[in-house]
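Here's the letter readout for the chains.
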Amino acid sequence: MASYSRSCPYFHTDNITSLVSVKLDKDNYLLWRSQFEPVLNTTGLYGYVDGSIPCPPQHNTNRHGTKDVNEEYVSWRKQDQLIVSMIKVTVCEKVLSEIVGFTSSHAVWKYLKSQNASPSKSCKMQDKMSSDCHTVPGSTVCVTGAGGFVGSWVVKCLLERGYTVKGTVRNPDDPKNSHLKALYGAKERLALYKADILDYKSLLDAFHGCRGVFHTASPVTNDPNWYCVGKVLAEQMALEVSKERKVDLVVVVPAMVMGQLLQSTINFSTMHILNHLNGSSKTYNNAVNGYVHAEDVALAHALVYESPSASGRYLCLESTHHREEVLKILAKLFPTCVDEVSPKLKPYKFTNQRLKDLGLEFKQVEKGFIDIVKSLQEKGHLPILPRSKL
Ligand SMILES: NC(=O)c1ccc[n+]([C@@H]2O[C@H](COP(=O)([O-])OP(=O)(O)OC[C@H]3O[C@@H](n4cnc5c(N)ncnc54)[C@H](OP(=O)(O)O)[C@@H]3O)[C@@H](O)[C@H]2O)c1
């Protein structure tokens, strides 16, 4: 009986069954995953199954030119095998016989996901759950501004966690929202509602029957002063009204969000990057900003919603960078002009510990820059260069 993580030494493979009470069979994948995934997230092990913590090389070459066993490989393998064991004790015999030959947790995870790619099977169970569950995956929630950059990621994350989602958009028929219908689980569990945040009645229709609302809709202007005033006033008002009406309010405060564009349109923070890449912006401010990957922003929303003890504000950023540093990172991905600025504004201090305490493992934001450049190329906003570094 071995503990499987140094960061979580109390956790044993034989108590996984107390956290994952469902035995995976052919019909309950989403339900099983909705119990298994939070365990992996809170223990920092999700990267093993999704492949973002890859297997290190088995050997290192020493200074004599011969090969030594790589200790990192040994501990990675041990950890990975424990995850495989955890999965195996939470599946029924029939599924066990299908995964018996897989040697890594990533391979098992991928296989189970592919076998359940048709959401219709797994969703029957979720649909049954949706009427009586609270903050657990499977309940019905609303996402305002569902078609926006952040909103789309929040919808994607919630669908993948088994929720039924009512998404508000100002025009459900606008092709710019069509990407939402292609998301995993959308066919069965996503409905789009026409709503304007200035129209109370339209929102009421969308909120009807929901256990929670993820409010991402907001006018995003290119006037930083108006934008900030708008955000502060909206948050203050939400706080006052939630106190008055005893509504549980938790605020996620992301810094600049970087990552793949799920939607076809370009939101303001992405436009800011694109303008540097296509040469429209010739200068940049002597400024420091915080940055975070869009996937982490979406997961942060799900985690605060699912944690009964979550309250107050959650700063959501992985790192801060001076604009010059950002341009240098971008220049490695796509030809970009970077002039040096001197003296440079100093970075500011921040803490993202509150979200880490809920189990969020922030992705390095460099990945967000790579994803954004790739996405802009794929959607035709930037040329794909012959010797692209991506
Ligand atoms: N992107 C970032 O770097 C970043 C950083 C921190 C915080 N945020 C916050 O994240 C949220 C989303 O931003 P985003 O970057 O995803 O921007 P976005 O892509 O422009 O999304 C904004 C969304 O708000 C909707 N919206 C605007 N006015 C509305 C109204 N009157 N009624 C209903 N919907 C309305 C838009 O709907 P339509 O499609 O109908 O126009 C759009 O879906 C905002 O609250 C923003 O302040 C973003």
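Along each chain, residues carry numbers from 1 onward, in the same order as the chain's sequence is written. Selection of residues for local features in this predicted model requires a pLDDT of at least 70, selection of side-chain atom pairs for listing and counting requires 80 or more, and totals for whole chains, interfaces and linings are taken over all residues. Excluded from the side-chain calculation are hydrogens and water; included are all heavy atoms of the structure.

1. Topic: the overall build of the chain
Consideration 1: Regarding its fold elements, the chain presents 17 helices and 11 strands.
Consideration 2: Across the 390 residues of the chain, 45% fall into the buried class.
Consideration 3: Note on contacts: a residue pair is in contact if any heavy atoms of the two residues lie within 4.5 Å. A separation of at least 24 residues holds for 71% of the contacts in the chain among residues at least 6 apart in sequence.
Consideration 4: Carbon and sulfur atoms provide 56% of the accessible area of the chain, an area that totals close to 20900 Å². In this description a helix means any DSSP run of H or I spanning at least four residues, a strand means any run of E spanning at least two, and both kinds are numbered starting from the N terminus. Here the term buried applies to any residue with accessible area under 20% of the maximum for its type, exposed to any over 50%, and partly exposed to those in between, with areas from a 1.4 Å probe on protein chains only. The Shrake-Rupley method, run with a 1.4 Å probe sphere, supplies the accessible areas, and residue values consider only the shown protein chains as cover.

2. Some words on the packing of aromatic side chains
Consideration 1: Only Phe, Tyr and Trp rings take part, Trp by its six-membered ring, and two of them pair if their centres are within 6.5 Å. Stacked means planes under 30 degrees apart, edge-to-face means over 60, and tilted covers everything else. Under the criterion given, the structure shown has 10 aromatic pairs.
Consideration 2: Look at Phe102 and Tyr111: their rings are 5.1 Å apart centre to centre, the planes differ by 40 degrees, and that puts the pair in the tilted class.
Consideration 3: What links up through ring pairs into an aromatic cluster is the set Tyr29, Trp32, Phe36, Tyr46 and Trp109.
Consideration 4: Counting as a charge over the ring demands two things of the Lys NZ or Arg CZ atom: a distance within 6 Å of the ring centre and an angle within 35 degrees of the ring normal. Here Arg354 stacks its cationic end above the ring of Tyr314, 4.0 Å away from the centre of that ring.

3. What about unusual backbone geometry?
Consideration 1: The omega torsion across Ser342 and Pro343 is -5 degrees, close enough to zero to call that bond cis.
Consideration 2: Among the structural elements, Pro343 can be located in the loop between α15 (323-333) and α16 (353-357).
Consideration 3: Even without glycine at this site, Lys246 takes up a positive phi of about 55 degrees.
Consideration 4: Tracing the backbone through its elements, the reader meets Lys246 in the loop between α12 (224-245) and β7 (250-254).
Consideration 5: For Lys246, a relative accessible area of 76% puts it in the exposed group.

4. Comments concerning the pattern of salt bridges
Consideration 1: What counts as a salt bridge is simple: a side-chain nitrogen of Lys or Arg found within 4 Å of a carboxyl oxygen of Asp or Glu. This model, assessed by the stated rule, comprises 13 salt bridges.
Consideration 2: The salt bridge partner of Arg33 is Glu37, with a shortest N-O separation of 2.7 Å. Residue Arg33 and its partner Glu37 are both found in helix α2 (residues 29-42); the two are separated by 4 residues, about one turn of the helix.
Consideration 3: For Glu37, a relative accessible area of 8% corresponds to the buried category.
Consideration 4: Linking Lys201 and Asp205 is a salt bridge whose minimum nitrogen-to-oxygen distance equals 3.6 Å. Linking Lys201 with Asp205, this pair stays in helix α11 (residues 200-207), spanning 4 residues, or about one helical turn.

5. Notes on the nonpolar core
The nonpolar side chains of a soluble globular protein tend to be buried, and buried together.
Consideration 1: For this analysis, a nonpolar core means a set of buried residues of the types Ala, Val, Leu, Ile, Met, Phe, Trp, Tyr and Cys, connected via side-chain atoms within 4.5 Å. Judged by nonpolar contacts, the single largest core of 59 residues is most densely connected at Val155, Leu158, Val165, Leu355 and Phe369.
Consideration 2: Per-element accounting of this core gives the leading share, 9 residues, to helix α14 (residues 294-306).
Consideration 3: Marked domain ranges trace back to an automatic or database domain assignment. Counting residues domain by domain, this core receives three or more from each of domain 2 (141-215) and domain 3 (248-390).
Consideration 4: Beyond its immediate stretch of four places on either side in the chain, Phe369 contacts Met258, Ile273, Tyr291, Val326, Ile329, Leu330 and Leu333.
Consideration 5: By size, the runner-up hydrophobic cluster in this structure holds 25 residues, among which are Leu30, Phe36, Tyr48 and Trp76.

6. Notes on the sheet that holds strand β6 (residues 212-215)
Consideration 1: The criterion for strand pairing is that DSSP finds at least two bridges linking the strands in question. One open sheet holds the 4 strands; their spatial order is β5-β4-β3-β6, and the pairing between them is parallel. Two strands in the sheet have a free side with no partner beyond their single neighbour: β5 (190-194) and β6. Between one strand axis and the next, the sheet turns through 25 degrees on average, direction left out of account.
Consideration 2: Alignment of strand β3 (residues 140-144) against strand β4 (residues 164-169), held across 4 bridges, turns out to be parallel. Within β4, the position partnered with Thr140 by the bridge is Thr164. As a rule, the C-alpha atoms of each element are fitted with a line to give its axis, helices using only the stretch in contact, and angles between N-to-C directions run from 0 to 180 degrees.

7. Side note on helix α8 (residues 149-160)
In an α-helix there are 3.6 residues to a turn, and that puts residues three or four apart on one side.
Consideration 1: One fewer than the residue count of a helix, multiplied by 1.5 Å, yields its expected span. Spanning 12 residues, α8 covers 17 Å between terminal C-alpha atoms, matching the ideal 16 Å at 1.5 Å per step.
Consideration 2: When we look at burial in α8, the residues that qualify are Phe149, Gly151, Ser152, Trp153, Val154, Val155, Cys157, Leu158 and Leu159.
Consideration 3: Positive phi shows up at Gly162, right after α8, with a value of about 95 degrees.

8. Points about the sheet that holds strand β11 (residues 319-322)
Consideration 1: Pairing is mixed across the open sheet formed by 3 strands, whose spatial order is β8-β9-β11. The outermost strands of the open sheet, each flanked by one partner alone, are β8 (256-258) and β11. Mean inter-strand twist for the sheet, computed between neighbouring axes without regard to direction, equals 45 degrees.
Consideration 2: In this structure, strand β9 (residues 288-293) lies alongside β11, joined through 4 bridges in antiparallel fashion. The partner of Val288 across the bridge, within β11, is His322.

9. A short note on α12
Consideration 1: For α12, with 22 residues, the first-to-last C-alpha span of 31 Å sits near the 32 Å given by 1.5 Å per residue.
Consideration 2: The distance from a side-chain oxygen at the start of α12 to the backbone nitrogen of Asn225 is 2.8 Å, and the residue carrying that oxygen is Asp223.
Consideration 3: Positive phi shows up at Lys246, right after α12, with a value of about 55 degrees. Polar contacts here mean pairs of N or O atoms no more than 3.5 Å apart (in protein, one a potential hydrogen donor and the other a potential acceptor; neighbouring residues in sequence count only if both atoms are side-chain atoms).

10. Observations concerning the UniProt feature "domain: Retrotransposon Copia-like N-terminal" (unreviewed entry) in the chain
Consideration 1: UniProt positions are given in the numbering used here, feature names are shortened, and annotations may be inferred rather than shown by experiment. The feature "domain: Retrotransposon Copia-like N-terminal" (unreviewed entry), as annotated in UniProt, sits at residues 17-56 in this numbering.
Consideration 2: For the annotated span residues 17-56, helix accounts for 55% and strand for 0% of the residues, and the straight-line distance between the end C-alpha atoms is 29 Å.

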